[in-house]
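# Coordinates in review
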Amino acid sequence: RKEVEQDPGPFNVPEGATVAFNCTYSNSASQSFFWYRQDCRKEPKLLMSVYSSGNEDGRFTAQLNRASQYISLLIRDSKLSDSATYLCVVKGYTGNQFYFGTGTSLTVIP
Amino acid sequence: DGGITQSPKYLFRKEGQNVTLSCEQNLNHDAMYWYRQDPGQGLRLIYYSQIVNDFQKGDIAEGYSVSREKKESFPLTVTSAQKNPTAFYLCASSSPEGLSYGYTFGSGTRLTVV
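Because the structure is a prediction, the values reported are computed rather than measured. (Residues numbered from 1 in each chain as written. Chains lettered and ligands numbered in written order. Predicted model: local features only at pLDDT ≥ 70, side-chain atom pairs only at ≥ 80, totals over all residues. Heavy atoms only, no water.)

### Description of the side chain of Ser30(A)
Here Ser30(A) shows up in the loop between strand 3 (19–25) and strand 4 (33–38). In this structure the side chain of Ser30(A) is engaged in a polar contact, spanning 2.8 Å, whose partner is the backbone oxygen of Asn27(A). (Helix = DSSP H or I, 4+ residues; strand = E, 2+ residues; numbered from the N terminus. Polar contact = N/O pair within 3.5 Å; in protein donor to acceptor, adjacent residues only side chain to side chain.)

### As for the packing of aromatic side chains
In total, this model carries 18 aromatic pairs over all chains according to the counting rule given. Aromatic side chains Phe34(A) and Phe98(A) sit 5.5 Å apart centroid to centroid with 35 degrees between the ring planes, which places their arrangement in the tilted category. Residue Phe34(A) is located in strand 4, and its partner Phe98(A) is located in strand 10 (residues 98–100); the two are separated by 64 residues in the primary sequence. Ring centres of Tyr47(B) and Phe55(B) lie 5.9 Å apart, and the angle between their planes is 80 degrees; this geometry places the pair in the edge-to-face category. For Tyr47(B), a relative accessible area of 8% puts it in the buried group. A residue is classified by how much of its surface remains accessible, and Phe55(B), at 35% relative accessible area, is partly exposed. Grouping aromatic residues by their ring pairs yields a cluster made of Phe34(A), Tyr36(A), Phe98(A), Phe100(A), Tyr33(B), Tyr35(B), Tyr48(B), Tyr103(B) and Phe105(B). Positioned above the aromatic ring of Phe74(B) is the side chain of Arg68(B), whose terminal nitrogen or guanidinium carbon lies 5.9 Å from the ring centre. Lying over the aromatic face of Phe88(B), Arg110(B) brings its terminal NZ or CZ to 4.1 Å of the ring centre. (Phe/Tyr/Trp six-rings, centres within 6.5 Å; stacked < 30°, edge-to-face > 60°. Buried < 20%, exposed > 50% of the residue type's maximum accessible area, 1.4 Å probe, protein only. Lys NZ or Arg CZ within 6 Å of the ring centre and 35° of its normal.)

Put into structure tokens, the structure is as follows:
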């Protein structure tokens with residue numbers, strides 16, 4: 001079983017829509033959780049960390065459900081510039097290793 | 001400005017050649033990593049180093065080698081033993097205190113076998 005699993009999509013949504021991505025992780029002892037954004041042919045960049053109590057950054061809301069071992073990312077009022085691949089990342093329970101999901105592709109359509 | 005620099009951006013390798021990808025960081029991070037990204041497969045860990053003069057194999061180390069002689073530098077050599085080296089290679093770094101902030105990535109090297 002993979003450490004981190006995501007629905008690869010693609011998600012095609014109109015501008016202004018709300019879209020949500022989910023991600024599950026296999027190890028209940030995982031410590032830290034992140035969403036990264038990756039544009040085509042570029043490196044991943046940290047979008048936001050995910051905290052146990054949930055956290056919000058502008059139009060983006062991240063939530064963690066430890067009991068069910070999943071994290072989510074909600075994007076409200078989608079913009080064309082939100083089109084990218086969103087990677088779910090989980091820090092392993094030992095050492096400094098991070099585990100990456102395969103990414104969920106989002107295209108926001110005018 | 002602090003960051004990670006990978007070079008070259010594009011690299012072409014002939015069959016049977018070894019090539020070395022450079023990764024330099026000035027973030028004073030202890031840990032450095034090499035990942036490979038293929039379409040539809042996400043990032044896979046090749047090697048990582050948590051301290052100078054020490055490194056560990058990741059999930060797909062076969063056909064690759066690394067060194068960590070300086071804190072700032074973590075070069076990756078793709079040897080002729082790596083049968084399918086065409087991929088996007090990403091170097092990353094992190095510090096123990098900053099793990100809640102995730103990795104910082106370099107801009108990547110796109111390697112193609114010709």
